[in-house]
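Remarks on the overall topology
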Amino acid sequence: MRRETEGYLADVIGSSNPSASYVTKARLIGMAVFNYKTQDKREALTAAVGPQGLDVYYDLVFDNTVEIALDLLNPHGRIITVGLLAGHNGGELALPRNIAHLLMKQIRWEGYTVFEHLDEFETFWKEVTPLVKSGELKYTETVVNGSADNIVETYLRLLEGAYQGKVSLKLGDF
């Protein structure tokens, strides 16, 4: 999906284990989306990116999709890594065989954690809360009612893609 953000145009491509409703919502806003569990990732991502190549790859999983992204990234592209979910599933983290693309294409790869930005939380809260309250910023949330006995099951279902958006396990009435 081509979006204008602060004067820049960006195509948004989503890779997920999506439910039918996720795919429908994503396509309604013009976002390219593919199911990494049912589609060949290399074919789907290459088709979605097209001949213009990829400028930014935002990675939460750190699986073999990183290797595909390195092939598709344009010179001076950027990889932003914010998570290692592949390791949570008992899978292996990516060790791309084409790591030489970092040098040859002059790609910048950075990792970010929330802990690095805790000093900005108050500012974030003040700016984002009114946007959520006004409906200008929308998000999806799944609340699972249960007890401490449901923590492992809820987490495993999260990794399987059973929920949409932010997931919370409600442990009684607080």
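Quick note: structure is the one above.
Residues numbered from 1 in each chain as written. Predicted model: local features only at pLDDT ≥ 70, side-chain atom pairs only at ≥ 80, totals over all residues. Heavy atoms only, no water.

**With respect to the overall build of the chain**
Helix and strand content of the chain: 7 helices and 9 strands. Evaluated residue by residue, the chain yields a buried proportion of 26% over its 174 residues. Sequence separation of 24 or more characterises 50% of the internal contacts of the chain that already satisfy a separation of 6 or more. Carbon and sulfur atoms make up 58% of the accessible area of the chain, which totals about 12,300 Å². (Helix = DSSP H or I, 4+ residues; strand = E, 2+ residues; numbered from the N terminus. Buried < 20%, exposed > 50% of the residue type's maximum accessible area, 1.4 Å probe, protein only. Contact = heavy atoms within 4.5 Å. Areas by Shrake-Rupley, 256 points an atom, 1.4 Å probe, with all protein chains shown as cover.)

**Here we look at the packing of aromatic side chains**
Counted by the stated rule, this structure contains 2 aromatic pairs. Consider the rings of Phe-62 and Trp-109, whose centres lie 5.9 Å apart with planes at 40°: the pair is tilted. Of this pair, Phe-62 sits in the loop between β5 (54-59) and α3 (65-72) while Trp-109 is found in strand β7 (residues 108-111), placing the two residues 47 residues apart along the sequence. Classification of Phe-62 by relative accessible area gives buried; the value is 14%. (Phe/Tyr/Trp six-rings, centres within 6.5 Å; stacked < 30°, edge-to-face > 60°.)

**Some words on a nonpolar patch on the surface**
The grouping of Ile-151, Val-152, Tyr-155, Leu-156 and Leu-158 at the surface amounts to a nonpolar patch, some 450 Å² of accessible area in total. Here Leu-156 shows up in helix α7 (residues 151-160). For Leu-156, a relative accessible area of 43% corresponds to the partly exposed category. (Patch = residues over 30% accessible without salt bridge, like charges linked within 9 Å, V, L, I, M, F, W, Y side chains within 5 Å. Salt bridge = Lys/Arg side-chain N within 4 Å of Asp/Glu carboxyl O.)

**Looking at the pairing of β5**
Pairing of β5 with strand β6 (residues 73-81) involves 5 bridges; the strand directions are parallel. Its bridge partner lying in β6, Asp-59 is registered against Thr-81. As for the winding sense of the linkage, the β-α-β connection from β5 through α3 to β6 is right-handed. (Pairing = 2+ DSSP bridges. Right-handed = clockwise from strand over helix to strand, strands pointing away.)

**With respect to the environment of Asn-98**
Its place among the elements puts Asn-98 in the loop between α4 (85-88) and α5 (101-104). As for Asn-98 and Leu-70, which are separated by 28 residues in sequence, their C-alpha atoms are 7.1 Å apart.

**Considerations on the side chain of Asp-59**
Positionally, Asp-59 belongs in strand β5. We note that Asp-59 is buried and unpaired, the nearest opposite charge coming from Lys-41 at a distance of 8.9 Å. From its side chain, Asp-59 meets the backbone nitrogen of Val-61 in a polar contact 3.2 Å long. With residues up to four places along the chain from it excluded, the contact list for Asp-59 reads Val-66, Ile-80, Thr-81, Val-82 and Gly-83. (Lys, Arg positive; Asp, Glu negative; His and termini not counted. Polar contact = N/O pair within 3.5 Å; in protein donor to acceptor, adjacent residues only side chain to side chain.)

**Quick look at the packing of helix α2 (residues 41-49) against α3**
One way to put it is that α2 packs onto α3 with a least axis distance of 10 Å and a crossing angle of 35°. Seen along the crossing, α2 lies across α3 with a hand that is right-handed. Each of Lys-41, Arg-42, Leu-45, Thr-46 and Val-49 in α2 lies in contact with α3, whose residues at this interface are Thr-65, Glu-67, Ile-68, Asp-71 and Leu-72. When the residues that make up the contact of α2 with α3 are grouped by side-chain class, the tally is 4 nonpolar, 2 polar and 4 charged. (Axes fitted to C-alpha atoms, helices over the stretch in contact; angles between N-to-C directions. Left-handed = near helix turned anticlockwise from the far one by under 90°. Nonpolar A, V, L, I, M, F, W, Y, C, P; charged D, E, K, R; others polar.)

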